[in-house]
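# Geometric and topological summary
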Amino acid sequence: MCIRDRNRTAGGAATAPAAAIAGGGGEEDEEVLRNADVLSGITSYHVRVSKVDGLTGEVANVVQDEQFTAGSAEYTSKCWSVRGLRPGGRYAASVRASTGLLWGVWSENSYFNTNVPCNGSIRFVADTFVALEWNRPEYAGGGLLSKLHCWEVKFATLGSTQQQHHGGDADAATDEGIRRLPANGPMKHFLGDLLPNTAYSTQVRPVYPHEGGAWSTPQYFVTLPLLVSDVGRVGETFVAVEWERGPQASTFDCMHDKSHSAVSALKRRLEVLRQRASGGGAEEDVLVGSQSGSERQPPGGNSTRSNSGIDSDDDDEPLSLIHI
């Protein structure tokens, strides 16, 4: 949202405050008029953006409030790109100017709505790819919808390490899980190179010249299992080839397997630490991750430890894959 100052004359000059030009003819008023150019010189702008109550329509709390002095980019361009607003919200923006001696009155509120995230859907699913489609909701008014730079499609397997460690946040995925598509292309995409019989989540968002928009609501799907073929009856000049699709996992099964594996690995790790502590080992032997890469002899044994801090003869998952 870019807020511009509108308190200018047609020629571009700042208008003098009413108090400076409405004189009564006295010596004091003449002095004010002689210094009108000084008084009308704007030295700073004050911009605020407030949330509008959805029920009453009244301006509620201020969510962004900034002042811009001479020399700043916002002062020169008379434009401020306000960030940190919520999608689908209604706001009011107002501006006032200062001469360095006193502040002018606030401008009338300019009301606007932030756009809502796009709507994504899954057209069909195969064993190694999925067809996605989305649309950009029609803007509700209060300004011009910003021009798009490109689209981003994000995908990740359910229960993956990145989702566990970042709470499933959309911004947690790596660049390898993001596909960039041209802004002027169709709002659909074939997402390929996926694992068969695997649960995924996918999201879409618009990207603007200076920042990314809000991610869409996650869409979940499970790719199909691979086909299993077999040879049936065989003759001199023919063979009967049979095939069928293997059993398909569900989203619940995939998440349950991931959670069960993580909990089991954590229990095994806690048991190892408990045994070391009860064996009278040094306190540093109980700490995890503080001595990564070092090799120490645990009490009563000769097994070495890997860089992840887990015994090399133990088939536990690395600690980096465990999420509580």
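Residues numbered from 1 in each chain as written. Predicted model: local features only at pLDDT ≥ 70, side-chain atom pairs only at ≥ 80, totals over all residues. Heavy atoms only, no water.

## Things to note about the sheet that holds strand β7 (residues 119-125)
Read across the open sheet, the three strands follow the order β7-β8-β11; overall the sheet is antiparallel. Each edge of the open sheet carries a strand with a single partner, namely β7 and β11 (188-191). On average, each strand axis in the sheet is inclined to that of its neighbour by 25°, with strand direction left out of account. Two strands pair when backbone bridges link them, and β7 and strand β8 (residues 130-135) are joined in this way by six bridges, in the antiparallel orientation. The residue of β8 that forms the bridge with V125 is V130. (Pairing = 2+ DSSP bridges. Helix = DSSP H or I, 4+ residues; strand = E, 2+ residues; numbered from the N terminus. Axes fitted to C-alpha atoms, helices over the stretch in contact; angles between N-to-C directions.)

## Quick word on the packing of aromatic side chains
One pass over the structure, following the stated rule, counts nine aromatic pairs. Between the aromatic rings of Y45 and Y75, the centroid separation amounts to 5.4 Å while the plane-to-plane angle is 45°, which identifies the pairing as tilted. With Y45 in strand β2 (residues 44-52) and Y75 in helix α4 (residues 73-77), this residue pair connects regions lying 30 residues apart in the sequence. Neither residue differs from the other here; Y45 and Y75 are each classed as buried. Ring geometry for Y200 and F221: centres 5.6 Å apart, planes at 15°, overall stacked. (Phe/Tyr/Trp six-rings, centres within 6.5 Å; stacked < 30°, edge-to-face > 60°. Buried < 20%, exposed > 50% of the residue type's maximum accessible area, 1.4 Å probe, protein only.)

## Points about the pairing of strand β14 (residues 227-234)
Within β14, only zero of the eight residues are buried, which leaves it mostly out in the open. Alignment of β14 against strand β15 (residues 239-245), held across six bridges, turns out to be antiparallel. The partner of L227 across the bridge, within β15, is R245. Counting the residues in the hairpin turn of β14 and β15 gives four residues.

## Quick word on unusual backbone geometry
It is generally the case that most residues other than glycine have a negative phi and that most peptide bonds are trans. We note that K78 has phi near 50°; this positive angle belongs to a residue other than glycine. The topology assignment puts K78 in the loop between α4 and β4 (79-81). Although it is not a glycine, D193 sits at a positive phi angle of roughly 60°. Following the sequence through the fold, D193 ends up in the loop between β11 and β12 (199-207). Residue D193 is classed as exposed on the basis of its relative accessible area of 76%.

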